[in-house]
Amino acid sequence: MVMIIRGCDIQQDLSETVDVCVIGSGAGGAVAAKELAEAGLSVIVLEAGDAHQPATFSRHAPEMLHRLFWDGGMRTTRDGSILISQGRGVGGSTVHNFCYAVRTPEPILDKWGIHDLSPELDRVEATLGVKQIDEAQVNHLNRVIRRGCEAMGWRGVVQRHNRGPCADCSVGCFLGCRESKPGIGKQSMDVTYIPRALEAGACLYSNCHAELIRVENGRAIGVVAQLGKDSDRSSSNHRLTVDCQAVVLAAGAINSPQLWLKSRLPDPGKQVGKNLHLHPAVFVGGIFDDVIDAHQGITQSYYVNHFLELERDPDSGYILMPAFGSPVLVAASMPAFGHEHRELMENYRHIAALLVLLHDRSSGRVVVNRHGHPVIRYRLSRGDRALLVEGMVNAARLLFAAGAREIILPYTRRIPIKSESDFDVIRQRGIVSNDMLIASSHPQGTLRMGSHPRHSVVDTYGEAHAVKGLFVTDASLFPSSIGIPPTLTIAALADRIARRLAVNWPL
Amino acid sequence: MALKFFSPKEAEILEILIACMVGIDQPDVFKRSPTSEGQSIDYAPTVIIDDFVAKLPEGLRGQLRQALHLFQWCPMIFIGKPRLFTRLSPQSAEAYIRTWAESRFGLRRRIFRGLRDLTFLGYYSHGEGDGDDHSWL
Ligand SMILES: Cc1cc2nc3c(=O)[nH]c(=O)nc-3n(C[C@H](O)[C@H](O)[C@H](O)COP(=O)(O)OP(=O)(O)OC[C@H]3O[C@@H](n4cnc5c(N)ncnc54)[C@H](O)[C@@H]3O)c2cc1C
């Protein structure tokens, strides 16, 4: 029987006994759940957020931010300088992501000591229906960016997506795809891996917030969760206690270390929460004479990877990506306020913008405060600031080459850039925190894998060095910043870890 | 206007703040019933923001309330005008907001950006079409 149980409907304390308890149902958790259930293990998945009904997704950003994101999309680093978007709900961040499906680059795998991930990547691509985007689906925004890239003689590529036939509505990619169902629209985890996990016998509790991982004699033995928490406040206030032989932690790169620390699990190498990478991204816009209508069509199909040369340097570089054009996001990315801001917004339909997405060397740390809430510390290093500035200059050059008549920088004070001779302003001003919107959609690295317990939290098959039977399968695993959209890699690593766990069962 | 989190006084501060940040004279322009299903929803930006903030975690909500009060009470300190923010002339309000926007202190810039972007969320997300509906233009 296919089972999703809404935690907020339950009016009593419950207990369950299973082989494996998976915490989180996003890119890492969904894949682990399916692979383990299909291998014949009894699996329970705990998901803090809602089980979404895509047909009910609205186009009203404030509503959808609450339905799809942690903290209504307002999660930030401790100093408020970087906004971190993290999905909440069945499917996790794959429900609102932009579907770029990029395979893990070889130099990254070499650096991580992973010999070959192709079989896993192939399987994930098949399950998510990954395919090349048709030329006809490349929208005007992406075509303009490509025109600029080609004029500069740079390298860019039309990507592959995990998306079935869809209305190319754009808005739905960020605020949830109404059409999403198996084979149609966005192929996020909630319509691909999760249904298959459930068909194979897994049971999923939505609105069920894992609060504690239980460990006895160095082994993970279960999870305690709060039912009903984080739903639309119809909290049930009851508990679910799970007894199991293995726990798979896949709550995302902020919440996984949070749960580890809250549960006071062993951390002999003092590595838990460290090594946080964010792929910080800044906006550079261009005003064009022709109508761009960046909010129409597939938001991101093309990107410029000319400045990411991983063979030469696997640890730094940046990508230039088309930026999503909803009025709220464009407004928040623009400089100024009042009439000056409004004047810029009047150009809304004529704006094409890029995000400079940094493959960050800088690293931060997730800790917990006395209430057990995550506190995210992160500072951009001098080198990374310089690279972001270089990226902003190159984004501006590309936009001019594509025909922009003015460049809009994201600084609070409006500094119009009318020609390349104005670029020094960017170099002089640099990156000042809380003077521009810096956004992160790819937190990663906080429970890193590696062979040595002094430098990593889990081994290369995801099992904790210090707790037997505790596995990690989400973006926390990454030993270093990956530099590209991470979903396929997370899913492939989860596949690899779950299959190995199933082969070695019973532990 | 039925408020869930802000008091009527705070909503008044918010309304004036929206007008200043967005650059319009009349922040309540979007009171209407815009959904295709014909539901009657109050899309005044202040109501949208109030509803949004009401659903945030307690800590964040508290910070936003404090930020709003600080904004209201500090014109004397930052532009030497012994008046509340809501009683400033449009020119003084703009000069006052600019002192926050361009402050040397990261915390003041953070408050400015937080409030600015919240007002944009309320104003630019009205109606159903976060995209094709450009009636705010
Ligand atoms: C706007 C945006 C666009 C993106 N676009 C792309 C893209 O085009 N291509 C790409 O490859 N990547 C993209 N990403 C990134 C990608 O979606 C994420 O990196 C990926 O989903 C992370 O997988 P994860 O398993 O680590 O975490 P998530 O997918 O975030 O899943 C974690 C899940 O755990 C749940 N959870 C957390 N805490 C608990 C708890 N205590 N108890 C129970 N459940 C809990 C959460 O609610 C969530 O559902 C994008 C991200 C964003 C924000």
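Source: prediction; values computed, not measured.

A. Local environment of the pairing of strand E3 (residues 20-23) of chain A. All names here are of chain A. Here E3 shows two buried faces, one formed by Val-20 and Val-22 and the other by Cys-21 and Ile-23. Where E3 lies against strand E4 (residues 43-46), four bridges are found, and the strand directions are parallel. From the neighbouring strand, Val-20 faces E4, where its bridge partner is Val-43. For the crossover that starts at E3, traverses helix H1 (residues 27-38) and ends in the parallel E4, the hand is right-handed.

B. Representation of the side chain of Arg61(B). All names here are of chain B. Among the secondary structure elements, Arg-61 is positioned in helix H3 (residues 58-73). In terms of polar contacts, Arg-61 uses its side chain to reach the backbone carbonyl oxygen of Leu-56, at 2.9 Å. The residues touching Arg-61, leaving out its near neighbours within four places in the chain, are Phe-5, Val-53, Ala-54 and Leu-56.

C. Structural context of the sheet that holds strand E22 (residues 470-472) of chain A. Residues and elements named next belong to chain A. Spatially, E1-E9-E4-E3-E13-E22 is the arrangement adopted by the six strands of the open sheet, whose pairing is parallel. Only two strands of the sheet have a single partner each, and these edge strands are strand E1 (3-6) and E22. Neighbour-to-neighbour, the strand axes of the sheet open up by a mean angle of 20°, direction not taken into account. Here E4 pairs with strand E9 (residues 203-206) via three bridges, running parallel. The partner of Ile-44 across the bridge, within E9, is Cys-203. Contacts between H1 and the sheet are confined to E3, E4 and strand E13 (246-249), with E4 contributing the most and set at about 165° to the helix.

D. Up close: the interface of chain B and chain A. At the junction of the two partners, chain B supplies 39 residues and chain A supplies 48 residues. The contact between chain B and chain A buries some 3600 Å² in all, and 58% of this surface belongs to carbon and sulfur atoms. Along the contact surface separating chain B from chain A lie one salt bridge. Between Arg413(A) and Glu102(B) there is a salt bridge, and its shortest N-O distance comes to 2.8 Å. At the boundary of chain B and chain A, one finds 15 residue pairs in polar contact (both at pLDDT 80 or more). Contributions of two or more residues to the side of chain B that touches chain A are made by helix H1 (8-22), helix H2 (45-54), helix H5 (90-101) and helix H6 (106-124) of chain B. Top contributing element to the side of chain B that touches chain A by residue count: H6(B), with eleven residues.

E. Representation of the nonpolar core in the model. Leu46(A), Trp260(A) and Leu470(A) are the most contacted members of the largest nonpolar core, which totals 91 residues. When residues of this core are assigned to domains, at least three map to each of domain 1 (3-58 + 88-127 + 178-272 + 445-503) and domain 2 (135-163 + 281-359 + 381-430) of chain A. If we ignore the near neighbours within four places in the chain, the residues touching Trp260(A) are Leu249(A), Leu265(A), Pro266(A), Asp267(A), Val272(A), Leu447(A), Val457(A), Ala464(A), Leu470(A) and Val472(A). One finds Met345(A), Tyr96(B), Ala101(B) and Ile111(B) within the second-largest nonpolar core, a separate group that totals 62 residues.

Rules behind the numbers
- Residues numbered from 1 in each chain as written.
- Chains lettered and ligands numbered in written order.
- Predicted model: local features only at pLDDT ≥ 70, side-chain atom pairs only at ≥ 80, totals over all residues.
- Heavy atoms only, no water.
- Buried < 20%, exposed > 50% of the residue type's maximum accessible area, 1.4 Å probe, protein only.
- Helix = DSSP H or I, 4+ residues; strand = E, 2+ residues; numbered from the N terminus.
- Pairing = 2+ DSSP bridges.
- Right-handed = clockwise from strand over helix to strand, strands pointing away.
- Polar contact = N/O pair within 3.5 Å; in protein donor to acceptor, adjacent residues only side chain to side chain.
- Contact = heavy atoms within 4.5 Å.
- Axes fitted to C-alpha atoms, helices over the stretch in contact; angles between N-to-C directions.
- Buried area = accessible area lost by both parts, 1.4 Å probe.
- Salt bridge = Lys/Arg side-chain N within 4 Å of Asp/Glu carboxyl O.
- Core = buried A, V, L, I, M, F, W, Y, C linked by side-chain atoms within 4.5 Å.
- Domains from an automatic or database assignment.

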